[in-house]
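# Topology and contacts: notes
This is what each chain is made of:
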Amino acid sequence: MLFRFVNAIYYRFFSITIVLGAMVMFLLFSACSHREKALGKAITERDSLPILDTRGVTSLISDSGVTRYRIHTEEWLVFDRKDPPHWAFERGVYLEKFDSIFQVEASIKADTAYYYNKDELWKLMGHVDIKNLKGERFSTELLYWNQREQRIYSDRFIRIEQPDRIITGRGFESNQQMTVYKIHKPEGVFYIDEEALAGDSLQTDSIN
């Protein structure tokens, strides 16, 4: 249930942060409103400015009183007036899910991420690395997660590392748990044991 913990993190942590941020913004704008009127100036380009700007976010999230999740991002911006409205994590985002003994059992990492709240759509970009609960690792440069359709997909190159083999291809589609998936254009299957044997063979040849 890889992406279930993402929901738990964002909807518990960020919903609280949004409320607090909105309260702070309200107080700041209220305090400054008389100054703006005195100067006779209006706020310009409000549509391009974030309503919330949070830096260096690291938070542990509990589930039923037990710490289960951790999120870290250097920058989190909320744009409420852009078209479309979205959240921006342009300096990367990293999420972890812990087991009962606080070992990381699933994780998501991306250089850049955007969340379009009206469409319930995530866009992960850059070096995207995901580890599911089965221990499989997925690597790509672009990944979409449509929460409304409960679907994850990409049209780019993807590398899937399983315990005994590595699968590569282009075009990918999966359920939200990243446990049932398919590659639209498979390019290769590399068995890890065979790769080790091939490496030993190359080393022997070079010595001779």
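Our structure is the block above this text.
The shown structure was predicted, so the numbers you read here are calculated from the model rather than taken from an experiment. (Residues numbered from 1 in each chain as written. Predicted model: local features only at pLDDT ≥ 70, side-chain atom pairs only at ≥ 80, totals over all residues. Heavy atoms only, no water.)

## Quick look at the environment of R68
Counting through the fold element by element, R68 comes out in strand β2 (residues 66-79). Distance from R68 to V104, taken between C-alpha atoms, is 9.3 Å for residues 36 residues apart in sequence. If near-sequence neighbours (up to four positions away) are discounted, R68 is found in contact with I61, S62, D63, E96, K97, F98, D99 and S100. Of the polar contacts made by the side chain of R68, one reaches the backbone oxygen of D99; its length is 3.4 Å. (Helix = DSSP H or I, 4+ residues; strand = E, 2+ residues; numbered from the N terminus. Contact = heavy atoms within 4.5 Å. Polar contact = N/O pair within 3.5 Å; in protein donor to acceptor, adjacent residues only side chain to side chain.)

## Structural notes on the environment of G169
Mapped onto the elements of the fold, G169 is located in strand β10 (residues 165-174). Classification of G169 by relative accessible area gives buried; the value is 0%. Put simply, G169 and K182 are 13 residues apart on the chain and 9.8 Å apart in space, counted from C-alpha to C-alpha. (Buried < 20%, exposed > 50% of the residue type's maximum accessible area, 1.4 Å probe, protein only.)

## Some remarks on the packing of aromatic side chains
This structure, assessed with the given rule, holds 12 aromatic pairs. Ring geometry for W76 against W87: centres 5.7 Å apart, planes inclined by 80°, an arrangement best described as edge-to-face. Placement of W76 in strand β2 and of W87 in strand β3 (residues 86-89) is noted, with a sequence separation of 11 residues between them. Assigned by exposure class, W76 and W87 land together as buried. A network of ring pairs unites the aromatic residues W76, W87, F89, Y115, W122 and W145 as a single cluster. (Phe/Tyr/Trp six-rings, centres within 6.5 Å; stacked < 30°, edge-to-face > 60°.)

## Describing the pairing of strand β1 (residues 52-63)
Residues in a regular strand point their side chains to alternate faces of the sheet. Here β1 pairs with β2 via 11 bridges, running antiparallel. Looking across to β2, one finds that I61 is bridged to Y69. From the end of β1 to the start of β2, which pair antiparallel, there are 2 residues, and S64 there has a positive phi angle of about 55°. (Pairing = 2+ DSSP bridges.)

## Some remarks on the pattern of salt bridges
A complete count under the given rule lists 12 salt bridges for this structure. For E141, the salt bridge identified is with R156, shortest N-O distance 2.9 Å. With E141 in strand β8 (residues 137-146) and R156 in strand β9 (residues 151-161), this pair connects stretches of sequence that are 15 residues apart. Given the relative accessible area of 44%, E141 is considered partly exposed. One salt bridge in this structure joins R156 and D155, with 3.3 Å as the shortest N-O distance. According to the relative accessible area criterion, R156 is partly exposed, its value standing at 32%. Relative accessible area serves as the criterion here: at 55%, D155 is assigned to the exposed category. (Salt bridge = Lys/Arg side-chain N within 4 Å of Asp/Glu carboxyl O.)

## Let's talk about the pairing of strand β5 (residues 104-110)
In the sheet, strand β4 (residues 93-98) pairs with β5 via 6 bridges, with the strands oriented antiparallel. Paired with Y94 across the strands is K109, a residue of β5. Taken together, β4 and the strand that follows it, β5, pair antiparallel across an intervening segment of 5 residues, in which F102 is found at a positive phi of about 65°. The pairing of β5 with strand β7 (residues 121-131) spans 3 bridges and is antiparallel. Bridged to I108 within β7 is I130.

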